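# Residue-level structure breakdown
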Amino acid sequence: MKIDVLTLFPAMFAGPLDESIIKRARAAGLLDLNIHNLRDWAHDRHKTVDDRPFGGGPGMLLKPEPLFEAVEALRQKGTRVILLSPAGRRFDQAIAGELAGRKHLLLVTGHYEGFDERVRERLADDELSIGDYVLTNGALPAMVVIDAVTRLLPGVLGDDESSADESFSRGLLEYPQYTRPAEFREMRVPDVLISGNHAEIEKWRREQAKRRTKERRPDLLK
Ligand code: 4GX
């Protein structure tokens with residue numbers, strides 16, 4: 001899969017995407033990730049990418065011209081152009097799965113008060129939000145989407161890390177887990193887990209996952 005990112009803060013992407021599983025996916029050629037500076041498409045020597053909103057009001061907006069030219073330069077046929085903003089549909093595991101099936105994503109990260117509306121109308125295929133809180137810019141949301149999508153690409157996770165049987169793909173929270181020692185500071189691991197009875201262990205885990213989901217995230221059961 002190819003992912004291009006358009007951002008005003010390319011330096012923010014160094015680090016998080018150069019570690020661990022994403023690093024391995026990139027090295028293996030499973031993810032071709034490129035970060036682009038929107039200012040490279042600015043028209044003037046001051047590299048202006050923002051301007052004041054018509055009608056007045058606080059804050060600045062990303063101008064349409066650099067964004068249109070950048071997207072037109074990076075877009076290929078079959079590209080999914082995705083804006084990151086609090087006004088997008090809420091990103092979740094199902095959307096990550098859907099994006100993992102695409103060949104090319106172009107993530108466009110907002111800054112200031114947002115985008116000129118014509119960017120939404122003519123450039124974007126989708127608009128995603130990673131949650132109901134306000135960040136300083138869209139770089140972290142873009143990294144969240146890249147991370148969640150990359151680990152679903154075929155070959156990225158090993159058998160031990162497999163995403164198929166994990167909590168969110170079953171629609172439940174994770175059951176409680178323990179490792180050695182069997183007793184630690186007078187806290188004992190539940191007997192059933194030490195019993196060796198695999199049918200009983202499965203049943204206990206299913207019940208625990210359901211109970212925990214009902215208590216903490218009843219919305220997941222609806
Ligand atoms: N999930 N932000 C985008 C600028 C902005 C404002 C309005 C478009 C419209 C966010 C989030 C998020 C902060 C990124 C504001 N762009 N993005 N930025 N939560 O908070 O995605």
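Preceding this paragraph is the structure being described.
The paragraphs below set out a description of the structure included in this document. (Residues numbered from 1 in each chain as written. Predicted model: local features only at pLDDT ≥ 70, side-chain atom pairs only at ≥ 80, totals over all residues. Heavy atoms only, no water.)

### Digging into the overall build of the chain
Broken down by element type, the chain carries 8 helices and 9 strands. Over its C-alpha trace the chain gives a radius of gyration of 22 Å, far above what one expects of a compact globule, namely 17 Å for 222 residues. In terms of its C-alpha atoms, the chain occupies a principal-axis envelope of roughly 70 × 40 × 35 Å. Counting only carbon and sulfur atoms, one obtains 50% of the accessible surface of the chain, whose full area is about 13,600 Å². The chain carries 34 positive and 36 negative side-chain charges, and their two centres are separated by 2 Å. (Helix = DSSP H or I, 4+ residues; strand = E, 2+ residues; numbered from the N terminus. Rg over C-alpha atoms; globule rule 2.2 N^0.38 Å. Areas by Shrake-Rupley, 256 points an atom, 1.4 Å probe, with all protein chains shown as cover. Lys, Arg positive; Asp, Glu negative; His and termini not counted. Charge placed at Lys NZ, Arg CZ, Asp CG, Glu CD.)

### Observations concerning the pairing of strand E1 (residues 2–7)
The buried fraction of E1 is high, at 5 of 6 residues. Across 6 bridges, the pairing between E1 and strand E2 (residues 32–37) is parallel. Pairing of aspartate 4 across the sheet is with asparagine 34, part of E2. In terms of handedness, the path from E1 via helix H1 (residues 20–27) over to E2 forms a crossover that is right-handed. Across 5 bridges, E1 lies against strand E6 (residues 104–109) in parallel orientation. If you follow lysine 2 over to E6, its bridge partner there is histidine 104. (Buried < 20%, exposed > 50% of the residue type's maximum accessible area, 1.4 Å probe, protein only. Pairing = 2+ DSSP bridges. Right-handed = clockwise from strand over helix to strand, strands pointing away.)

### Topic: the site of the ligand
Around the ligand sit 20 residues, and of these Glu113, Ile130, Gly131, Tyr133 and Leu135 come closest. A distance of 3.0 Å is found between a nitrogen atom of the ligand and a backbone nitrogen or oxygen belonging to isoleucine 130. Glycine 131 is positioned with one of its backbone polar atoms (N or O) 3.1 Å from a nitrogen atom of the ligand. Counting residues per element, the ones that place at least two in the shell around the ligand are strand E5 (79–90) and strand E7 (126–129). When residues in the shell around the ligand are grouped by element, the largest group, 3 residues, is from E5. Residue classes in the shell around the ligand are distributed as 10 nonpolar, 8 polar and 2 charged. (Near = heavy atom within 4 Å. Polar contact = N/O pair within 3.5 Å; in protein donor to acceptor, adjacent residues only side chain to side chain. Nonpolar A, V, L, I, M, F, W, Y, C, P; charged D, E, K, R; others polar.)

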